[in-house]
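Below, each chain spelled out in residue letters.
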Amino acid sequence: MADDSKNKPPVALTNAVSWRAEGIKHKKNEIFLDVVEKLNLLVAANGTVLHCEINGAVKMKSFLSGMPELKLGLNDKVMFEASGRNQQARGGKSVELEDIKFHQCVRLARFENDRTISFIPPDGEFDLMTYRLDTQVKPLIWVEAVVEPHKGSRIEYMIKTRSQFKSRSVANNVEISIPVPPDVDSPSFKSSVGNVTYLPDKDCVVWTIKQFHGGREYLMRAHFGLPSITRDEADAANKGMGSGMDMSWKKPIGVKFEIPYFTVSGIQVRYLKIIERSGYQALPWVRYITANGDYQLRMA
């Protein structure tokens, strides 16, 4: 029997799309689009922001029949690097995306010409585009720590955290990890909200706040026994004279969070048009999520 594949013309000569098979059928035609932004942040002990970067992705899950043609429109505030910085100066506040990478399905010539993102999507999950944004953003969740060694081999922490986003937004599953010396014992905690757990295997305390509304401030105190500190060291530390205490445990405070319906960059989907020759109606679903990337605040 002859091998049929030998008689087929190469893909380039047909209208075939290498990332999508012909004849895909779904009972329900819908497409899900998530704009996910991760915030990398490093804050110095004096409160200065040393590094701030947004890594974004437009993630899609496509369940569309046939060979659909999609067009995605982003808000006018979004400017792509190639559109020139002079526009930014006169256009006021804008979002200038850098390092944009598109999935192979995006028609790049069309995008270069009029900034339209048009494509035939693969079936299932894929990243339509990824981008980066170097920008000075107010830290979304601010954390301050005061650490006091006391006489009687004790150490006390006072932690203050503040959400610096609008009150209509909520950060979910917030975890604030505060490093502690490796030999602390007898932990006791008081917090105005959430739960506090000591993790001896990681030498840290984790303060968990399930829902952190915008514009709020919370306090937490932690007490520990600290056998390795002597009375003289505590006196010297409290007088600001330094001490023989080993401070190598003072790693930065780490924060994890997820804020739905929110993007740091201000990027928004204005429309997602779906055209397929059979004329079916399809539902597009759009979500926005901002989460922590490498998010750290150094301790004083």
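Residues numbered from 1 in each chain as written. Predicted model: local features only at pLDDT ≥ 70, side-chain atom pairs only at ≥ 80, totals over all residues. Heavy atoms only, no water.

Looking now at the nonpolar core. With 71 residues, the main nonpolar core has Ile117, Phe119, Leu128, Ile141 and Tyr157 as its most contacted residues. Here this core gets six residues from one element, more than from any other, and that element is strand 1 (residues 30–43). Contact partners of Tyr157, with chain neighbours within four places excluded, come to Val146, Val147, Ile178, Pro179, Val180, Pro181, Met220, Arg221, Ala222, Phe224, Trp249 and Met299. (Core = buried A, V, L, I, M, F, W, Y, C linked by side-chain atoms within 4.5 Å. Buried < 20%, exposed > 50% of the residue type's maximum accessible area, 1.4 Å probe, protein only. Helix = DSSP H or I, 4+ residues; strand = E, 2+ residues; numbered from the N terminus. Contact = heavy atoms within 4.5 Å.)

Right, let's talk about a nonpolar patch on the surface for a bit. Taken together, Phe32, Leu283 and Trp285 make up a surface patch of nonpolar side chains, about 280 Å² in accessible area. Within the secondary structure, Phe32 is located in strand 1. Exposure remark for Phe32: the relative accessible area of 31% places this residue in the partly exposed category. (Patch = residues over 30% accessible without salt bridge, like charges linked within 9 Å, V, L, I, M, F, W, Y side chains within 5 Å. Areas by Shrake-Rupley, 256 points an atom, 1.4 Å probe, with all protein chains shown as cover. Salt bridge = Lys/Arg side-chain N within 4 Å of Asp/Glu carboxyl O.)

Another aspect to go through is the sheet that holds strand 11 (residues 185–191). With respect to topology, four strands assemble into an open sheet ordered 8-9-14-11, the strand pairing being antiparallel. Both edges of this open sheet fall to strand 8 (141–150) and strand 11, since each of them pairs with a single strand only. The sheet shows a mean angle of 15 degrees between the axes of neighbouring strands, taken without regard to direction. Direction of pairing for strand 8 relative to strand 9 (residues 154–163): antiparallel, over a ladder of 10 bridges. Residue pairing across strands places Val147 opposite Tyr157, the latter belonging to strand 9. (Pairing = 2+ DSSP bridges. Axes fitted to C-alpha atoms, helices over the stretch in contact; angles between N-to-C directions.)

Examined bridge by bridge, strand 1 and strand 2 (residues 49–63) share 14 bridges and lie antiparallel to one another. Within strand 2, the position partnered with Leu41 by the bridge is Cys52. Between strand 1 and strand 2, which pair antiparallel in sequence order, lie five residues; one of them, Gly47, sits at a positive phi of approximately 95 degrees. Where strand 2 lies against strand 7 (residues 124–134), 10 bridges are found, and the strand directions are antiparallel. Looking at the pairing, Glu53 lines up with Asp134 of strand 7.

The next thing to look at is unusual backbone geometry. In this structure, Arg115 is a non-glycine residue whose phi angle is positive, near 65 degrees. Take Arg115: it is sitting in the loop between helix 3 (108–114) and strand 6 (117–119). Exposure remark for Arg115: the relative accessible area of 24% places this residue in the partly exposed category. One non-glycine residue, Asn173, lies in positive phi territory at about 50 degrees. Tracing the chain through its elements places Asn173 in strand 10 (residues 170–179). Using a relative accessible area of 44% as the deciding quantity, one classes Asn173 as partly exposed.

Scanning the model with the defined rule gives 11 salt bridges in all. Through salt bridges with shared partners, one network takes in Glu53, Glu98, Asp99, Arg132 and Asp134.

One open sheet accounts for three strands, arranged 6-3-16; its pairing is antiparallel. Looking along the sheet, the strands with just one partner apiece sit at the ends: strand 6 and strand 16 (269–275). Across the sheet, the mean angle from the axis of one strand to that of its neighbour is 15 degrees, orientation sign disregarded.

Bringing the environment of Thr116 into the picture now. Within the fold, Thr116 resides in the loop between helix 3 and strand 6. Residue Thr116 is classed as buried on the basis of its relative accessible area, which comes to 13%. Distance in space between the C-alpha atoms of Thr116 and Val106 is 9.6 Å, their sequence separation being 10 residues. In this structure Thr116 touches Lys71, Arg110 and Phe111, once residues within four positions along its chain are discounted. Within the structure, the side chain of Thr116 is placed 2.9 Å from the side chain of Asp114, a separation counted as a polar contact. (Polar contact = N/O pair within 3.5 Å; in protein donor to acceptor, adjacent residues only side chain to side chain.)

Mapped onto the fold, His150 is located in strand 8. Engagement of the side chain of His150 in a polar contact is seen with the side chain of Glu156, the distance being 2.8 Å.

We now examine the packing of aromatic side chains. Enumeration over the complete set of coordinates arrives at nine aromatic pairs. A centroid spacing of 6.3 Å and a plane angle of 15 degrees characterise the contact between Phe32 and Trp285, whose relative ring orientation is stacked. On the criterion of sequence distance, the pair formed by Phe32 in strand 1 and Trp285 in strand 17 (residues 283–297) is long-range, its members being 253 residues apart. Summarising the aromatic geometry, the rings of Phe212 and Tyr218 are spaced 5.0 Å apart at their centres and angled 55 degrees between planes, so their arrangement reads as tilted. Exposure class is identical for Phe212 and Tyr218. Each is buried. Here the aromatic cluster, defined as three or more aromatic residues joined through ring pairs, consists of Tyr157, Phe189, Tyr198 and Phe224. Its end group placed over the ring of Phe111, Arg115 keeps NZ or CZ at 4.7 Å from the ring centre. One cation-aromatic arrangement involves Lys273 over Tyr271; the distance from NZ or CZ to the ring centre is 4.7 Å. (Phe/Tyr/Trp six-rings, centres within 6.5 Å; stacked < 30°, edge-to-face > 60°. Lys NZ or Arg CZ within 6 Å of the ring centre and 35° of its normal.)

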